[in-house]
Number of protein chains: 2
Amino acid sequence: MEIIRTKADLRARVSNWRSAGETIALTPTMGAIHEGHLSLVRLGLERANHCVGTIFVNPRQFGPNEDFATYPRDEEGDFAKFEAAGCDAVYAPAPDQIYGTDYKTEVIVHDISDLMEGASRPGFFTGVATVVSKLLIQAMPDIAIFGEKDFQQLAVIRTMARDLDLPIEILGAPTVREPDGLALSSRNAYLDESQRRIAPALHEAMIAAAATVQNGTAPEIAADQARKATLSAGFQEVDYIDIRDQDSFLTATAPGDNLRIFAAARLGTCRLIDNLGI
Amino acid sequence: MEIIRTKADLRARVSNWRSAGETIALTPTMGAIHEGHLSLVRLGLERANHCVGTIFVNPRQFGPNEDFATYPRDEEGDFAKFEAAGCDAVYAPAPDQIYGTDYKTEVIVHDISDLMEGASRPGFFTGVATVVSKLLIQAMPDIAIFGEKDFQQLAVIRTMARDLDLPIEILGAPTVREPDGLALSSRNAYLDESQRRIAPALHEAMIAAAATVQNGTAPEIAADQARKATLSAGFQEVDYIDIRDQDSFLTATAPGDNLRIFAAARLGTCRLIDNLGI
């Protein structure tokens, strides 16, 4: 597996494959690779001839009080996992390959970026849209794959790619979970043993709320029950538990098709997010 | 000369040329083609095998009280001029090829976009950076050429293309002028006969100010003299006449190298802009 550090080398690699008539999948990540990321790679290799894993911990998507400095990093371990999953190359750019001195440009996706994660984390989605547009333009893959675990992020990226006319298919991959239902996340590493036992309660509360809505209960009532259940289970704070249309992201006012439940809650120093189709 | 209306056809055309090992220049314009635009085409054909003229009157770069509705449009005339100058194709996209319903994404270049034209026309440079990033991604030419008449715009576009990693060379072409010094502009069509006689006074005042700075006068004094001369000549209002470093756009506090004088002033319903290296 080739390890690529510069955008020039990335372009040369992709261009060689393309000249040979081969297709390329890109899986942008922030590293701390787990089975969720590897499922993106496997989907990439089903759909394209080559998969390039990408590792870049993007400073622009962290707020001033967030965990950029302590975000888990394990480059050697990540390389080994990407290689075992079948990646042909990993792009782990030096920071100056992404943001030069005097960097000035931002890509903003309006409306979707202001809700839920965007409301809890101001500037987060602009940081994401900016770095992903750059990675996509640097690599120009045929497809790029992101986890549905970050469902709102996936919507922001799809909208950005469509609006900027990037000739790249954006694919979502289903959330991978622990046996007890906890969605895989690099940030789960922040949980201590007792928090880890509490953590699946968020997903359980979401399943219960989804079932309640399917039985005809008003979404706001079901979401409120889920908030209470999450706090009773031992979470310190619920940032949001919302039931919304999964395309428009409008708050659901009645049970119906195409709804999804979205949640973010704090457990110790760890902020967990999850979502589930209803 | 081929007339292209959709981004799919544009991509197919460019891709055919590229497969044949040929290079492509793009000259984005808002139409109302004059000799200034045609000089971009000629420069494009010196540097690349093919030149694609582009005509799109971009609603997102006009303010609510600006001249989007009345901006001069003459598509048939523009096509004839592009063809005579040697364009191989013109891309004149249908509006839905640029902004679909539900369009949500903006490209913002910070700092440079806030000064001079950006201060006078809030949102203008974001409209420009957004549409130009889209046109560049749609066409993916080897080079794209813009007039130095809009010098600050050229800087915004260069910065956007660099920051988004677009593998496209951005070239500036010198301002083309009428024999009396008035910089060519599609908006000169708004001038009546008596205004047209007054119009070159802006350029004359800028030449005088540049000479004064070269002789050692403080830039602020020279700029102030130019403002007064422009108003005395019959302009109704000076938006700005600034002497700045032409790379950093910092206001010049002393005579020196790399300075440029920038001006915007109103004459009747017409807003003229111009700039000049010192």
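Residues numbered from 1 in each chain as written. Chains lettered and ligands numbered in written order. Predicted model: local features only at pLDDT ≥ 70, side-chain atom pairs only at ≥ 80, totals over all residues. Heavy atoms only, no water.

## Some thoughts on the domain arrangement of chain A
Residues and elements named next belong to chain A.
Turning to step 1, where the next piece is worked out: We note that the domain assignment places domain 1 (2-173) and domain 2 (191-270) within chain A.
Turning to step 2, where the next piece is worked out: A straight line from the C-alpha centre of domain 1 to that of domain 2 covers 28 Å.
Turning to step 3, where the next piece is worked out: Contacts between the two partners involve nine residues from domain 1, matched on the other side by nine residues from domain 2.
Turning to step 4, where the next piece is worked out: Counting each side, the surface lost to burial between domain 1 and domain 2 is near 790 Å², with a carbon and sulfur contribution of 71%.
Turning to step 5, where the next piece is worked out: When the buried surface of domain 1 facing domain 2 is broken down by residue, Leu115, Met116 and Phe151 rank first, second and third, together holding 66% of it.
Turning to step 6, where the next piece is worked out: Scanning the region where domain 1 abuts domain 2 turns up one salt bridge.
Turning to step 7, where the next piece is worked out: A salt bridge links Glu148 to Arg260, with the shortest nitrogen-to-oxygen separation between them at 3.9 Å.
Turning to step 8, where the next piece is worked out: Counting across the interface, domain 1 meets domain 2 through one residue pair in polar contact (both at pLDDT 80 or more). (Domains from an automatic or database assignment. Contact = heavy atoms within 4.5 Å. Buried area = accessible area lost by both parts, 1.4 Å probe. Salt bridge = Lys/Arg side-chain N within 4 Å of Asp/Glu carboxyl O. Polar contact = N/O pair within 3.5 Å; in protein donor to acceptor, adjacent residues only side chain to side chain.)

## Re the relation of the copies chain B and chain A
Turning to step 1, where the next piece is worked out: Turning chain B through 180° and shifting it by 0.0 Å along the axis lays it on chain A, with an RMSD of 0.0 Å. The superposition of one copy onto the other is thereby described by a two-fold rotation axis. Measuring from the rotation axis to each C-alpha of chain B, the shortest distance belongs to B:Val107, at 2.3 Å. (Least-squares fit on C-alpha atoms with pLDDT ≥ 70 in both.)

## Structural notes on the environment of A:Thr175
Residue and element names in this part refer to chain A.
Turning to step 1, where the next piece is worked out: One can find Thr175 in the loop between β7 (169-173) and α7 (193-198).
Turning to step 2, where the next piece is worked out: Judged by its relative accessible area of 21%, Thr175 falls in the partly exposed class.
Turning to step 3, where the next piece is worked out: Residues Thr175 and Glu35 lie 140 residues apart in sequence; the distance between their C-alpha atoms is 9.8 Å.
Turning to step 4, where the next piece is worked out: The residues touching Thr175, leaving out its near neighbours within four places in the chain, are Glu148, Lys149 and Ala183.
Turning to step 5, where the next piece is worked out: A distance of 3.1 Å separates a polar side-chain atom of Thr175 from the backbone nitrogen of Lys149. (Helix = DSSP H or I, 4+ residues; strand = E, 2+ residues; numbered from the N terminus. Buried < 20%, exposed > 50% of the residue type's maximum accessible area, 1.4 Å probe, protein only.)

## Re the pattern of salt bridges
Turning to step 1, where the next piece is worked out: One pass over the structure, following the stated rule, counts 46 salt bridges over all chains.
Turning to step 2, where the next piece is worked out: B:Asp274 serves as the salt-bridge partner of B:Arg177, at 2.8 Å between the closest nitrogen and oxygen. Of the two residues, B:Arg177 sits in the loop between β7 (169-173) and α7 (193-198) while B:Asp274 sits in strand β10 (residues 270-277), which places them 97 residues apart along the sequence.
Turning to step 3, where the next piece is worked out: Of the residues examined, B:Arg177 reaches a relative accessible area of 24% and is grouped as partly exposed.
Turning to step 4, where the next piece is worked out: Overall, B:Asp274 belongs to the buried group, its relative accessible area being 6%.
Turning to step 5, where the next piece is worked out: A cluster of three or more residues bridged by salt bridges with shared partners is formed by A:Asp102, A:Lys104, B:Asp111, B:Arg162 and B:Asp163.

## Notes on the state of the cysteines
Turning to step 1, where the next piece is worked out: Counted by the stated rule, this structure contains zero disulfides over all chains.
Turning to step 2, where the next piece is worked out: Free of any disulfide, B:Cys87 has its nearest cysteine sulfur in B:Cys51, 4.2 Å distant. (Disulfide = S-S within 2.5 Å.)

## Quick notes on the pairing of β7(B)
All names here are of chain B.
Turning to step 1, where the next piece is worked out: Most of β7 sits inside the fold, with four of its five residues counted as buried.
Turning to step 2, where the next piece is worked out: Two strands pair when backbone bridges link them, and strand β6 (residues 143-147) and β7 are joined in this way by five bridges, in the parallel orientation. Each residue of the ladder has a partner; that of Ile143, found in β7, is Glu169.
Turning to step 3, where the next piece is worked out: Traced from β6 through helix α6 (residues 151-163) to β7, the parallel crossover comes out right-handed. (Pairing = 2+ DSSP bridges. Right-handed = clockwise from strand over helix to strand, strands pointing away.)

## Topic: the packing of helix α2 (residues 35-47) of chain B against helix α3 (residues 75-85) of chain B
Residues and elements named next belong to chain B.
Turning to step 1, where the next piece is worked out: Between α2 and α3, the least distance of the axes is 9 Å, while the angle of their chain directions is 35°. Like other packed secondary-structure pairs, α2 and α3 cross with a definite hand, here right-handed. Here Leu38, Val41 and Leu45 of α2 lie close against α3, whose contacting residues are Lys81, Phe82 and Ala85.
Turning to step 2, where the next piece is worked out: Taken together, the residues that form the contact of α2 with α3 break down as five nonpolar, no polar and one charged. (Axes fitted to C-alpha atoms, helices over the stretch in contact; angles between N-to-C directions. Left-handed = near helix turned anticlockwise from the far one by under 90°. Nonpolar A, V, L, I, M, F, W, Y, C, P; charged D, E, K, R; others polar.)

## Examining the sheet that holds strand β3 (residues 50-55) of chain B
Residue and element names in this part refer to chain B.
Turning to step 1, where the next piece is worked out: The strand order β1-β4-β3-β2-β6-β7 describes an open sheet built from six strands, whose pairing is parallel. Every other strand in the sheet has two partners, leaving β1 (2-4) and β7 as the edge strands with one partner each. The average undirected angle you get between the axes of adjacent strands in this sheet is 25°.
Turning to step 2, where the next piece is worked out: As paired strands, strand β2 (residues 24-29) and β6 are joined by two bridges and run parallel to one another. Bridge assignment links Ala25 to a residue of β6, and that residue is Ile143.
Turning to step 3, where the next piece is worked out: Packing against the sheet, α2 makes contact with β2, β3, β6 and β7, and its axis sits at approximately 150° to β6.

## Concerning empty space enclosed by the protein
Residue and element names in this part refer to chain A.
Turning to step 1, where the next piece is worked out: Under the criterion given, the structure shown has one cavity of 30 Å³ or more.
Turning to step 2, where the next piece is worked out: Contributing to the lining of the largest cavity are Lys149, Leu182, Ala183, Ser185, Asn188, Ala199, Leu202, His203, Leu272, Ile273 and Asp274.
Turning to step 3, where the next piece is worked out: Going through the elements one at a time, α8 (200-214) and β10 (270-277) are the ones with two or more residues in the lining of the largest cavity.
Turning to step 4, where the next piece is worked out: Residue composition of the lining of the largest cavity, grouped by class: six nonpolar, three polar and two charged. (1 Å grid on protein atoms, 1.4 Å probe; cavity = no way out; pocket = protein on both sides within 12 Å on 5 of 7 lines; lining within 4 Å. Points joined across faces, edges and corners; volume = space filled by probe spheres on them.)

## Some words on helix α2 (residues 35-47) of chain A
Turning to step 1, where the next piece is worked out: Across its 13 residues, α2(A) extends 18 Å between first and last C-alpha, which sits within 8% of the 18 Å expected from 1.5 Å per residue.
Turning to step 2, where the next piece is worked out: Buried residues along α2(A) sit in contact with β2 (24-29), β3 (50-55), α3 (75-85), β6 (143-147) and β7 of chain A. (Expected span 1.5 Å × (residues − 1).)

## Structural notes on the UniProt feature "binding site: beta-alanine" (unreviewed entry) in chain A
Residue and element names in this part refer to chain A.
Turning to step 1, where the next piece is worked out: If you check UniProt for "binding site: beta-alanine" (unreviewed entry), the listed places come out as Gln61 in our numbering.
Turning to step 2, where the next piece is worked out: Relative to the assigned elements, Gln61 resides in the loop between β3 and α3.
Turning to step 3, where the next piece is worked out: With a relative accessible area of 10%, Gln61 lands in the buried category.
Turning to step 4, where the next piece is worked out: Excluding residues that lie within four positions of it along the chain, Gln61 makes contacts with Met30, Glu66, Arg121, Phe124, Gly127, Val128 and Val131. (UniProt positions renumbered as here; feature names shortened; annotations may be inferred.)

## Quick word on the interface of chain B and chain A
Interfaces are often described in size by the accessible area the parts lose on coming together.
Turning to step 1, where the next piece is worked out: Counting residues at the interface gives 27 residues for chain B and 27 residues for chain A.
Turning to step 2, where the next piece is worked out: Taking both sides of the interface into account, the surface hidden between chain B and chain A amounts to around 2,300 Å²; carbon and sulfur atoms contribute 50%.
Turning to step 3, where the next piece is worked out: For the salt bridge of A:Asp165 with B:Lys134, the shortest nitrogen-to-oxygen distance reads 2.7 Å.
Turning to step 4, where the next piece is worked out: There are 24 residue pairs in polar contact (both at pLDDT 80 or more) connecting chain B and chain A.
Turning to step 5, where the next piece is worked out: Elements supplying a minimum of two residues to the side of chain B that touches chain A: α1 (7-19), β5 (105-109), α5 (124-139) and α6 of chain B.
Turning to step 6, where the next piece is worked out: Here the side of chain B that touches chain A gets five residues from one element, more than from any other, and that element is β5(B).
Turning to step 7, where the next piece is worked out: Per-class residue counts for the side of chain B that touches chain A are 11 nonpolar, six polar and 10 charged.

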